[in-house]
Amino acid sequence: MEIINIKNDLKYLDEYITLCYLEWSNKQLELSKYIEYKKDKILNDDNVIFILGLVDKELIGFISLFKNDCDERASLTPWYATMFVKEKYRGKGYSKILNDALLREAKKLGYKKVYLKSELINYYEKFKAKYIENLNDSEKLYYIDLI
């Protein structure tokens, strides 16, 4: 099992984008156009700092660090985003592996904290996330100290 940067190792990029589409997109674009659009954003826009993938013969899950992921709090950076573990691998501690890898890499880049937003209740607290406030879209804003 290894952690890779999907942004630099494109073998899993289409699968990452497809899973994001299925999990979070409003599906206004058809999948092929969404993949094309997201690929261009990931490879040619500096908002994506990294996308870490957990791999063991296949992609198990992923997590990303973005410069911005919240229009309401555009001044905050960086953003912990897109944590996802495939259903057949859930409940095995893989989200903790991804979380720890993201925090380690963000700290190496010199960040003191990361921000995240979520509608999940009492999930990110297990990763030491601290609540800041409710956002306008029913999500909650959190931060995780890296010091």
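Here the structure is shown first, and the text comes after it.
Residues numbered from 1 in each chain as written. Predicted model: local features only at pLDDT ≥ 70, side-chain atom pairs only at ≥ 80, totals over all residues. Heavy atoms only, no water.

A. Summary view of the pattern of salt bridges. By the definition in use, this model includes ten salt bridges. Here lysine 39 makes a salt bridge to aspartate 14, at a shortest N to O gap of 2.8 Å. In this pair, lysine 39 sits in helix α2 (residues 31–44) while aspartate 14 sits in helix α1 (residues 13–24), placing the two residues 25 residues apart along the sequence. Of the residues examined, lysine 39 reaches a relative accessible area of 29% and is grouped as partly exposed. Residue aspartate 14 is classed as partly exposed on the basis of its relative accessible area of 35%. Residues lysine 108 and glutamate 105 are paired through a salt bridge, measuring 3.1 Å at the closest nitrogen-oxygen approach. (Salt bridge = Lys/Arg side-chain N within 4 Å of Asp/Glu carboxyl O. Helix = DSSP H or I, 4+ residues; strand = E, 2+ residues; numbered from the N terminus. Buried < 20%, exposed > 50% of the residue type's maximum accessible area, 1.4 Å probe, protein only.)

B. Looking closely at a nonpolar patch on the surface. Side chains of Met1, Ile3 and Ile97 sit close together on the surface and give an oily, nonpolar patch of about 250 Å² of accessible area. Here isoleucine 3 lies in strand β1 (residues 2–5). (Patch = residues over 30% accessible without salt bridge, like charges linked within 9 Å, V, L, I, M, F, W, Y side chains within 5 Å. Areas by Shrake-Rupley, 256 points an atom, 1.4 Å probe, with all protein chains shown as cover.)

C. The arrangement of the pairing of strand β4 (residues 79–85) in detail. Among the seven residues that make up β4, seven are buried, leaving the element largely enclosed by the rest of the structure. Two strands pair when backbone bridges link them, and strand β3 (residues 59–66) and β4 are joined in this way by five bridges, in the antiparallel orientation. In the strand pairing of β4, glycine 61 is matched with valine 85. (Pairing = 2+ DSSP bridges.)

D. View of the side chain of asparagine 99. The residue asparagine 99 is located in helix α3 (residues 94–108) in this model. A relative accessible area of 2% means that asparagine 99 is categorised as buried. There is a polar contact of 2.7 Å between the side chain of asparagine 99 and the side chain of tyrosine 80. Residues in contact with asparagine 99, not counting those within four places in the same chain, are Ile63, Tyr80, Met83, Phe127 and Ile144. (Polar contact = N/O pair within 3.5 Å; in protein donor to acceptor, adjacent residues only side chain to side chain. Contact = heavy atoms within 4.5 Å.)

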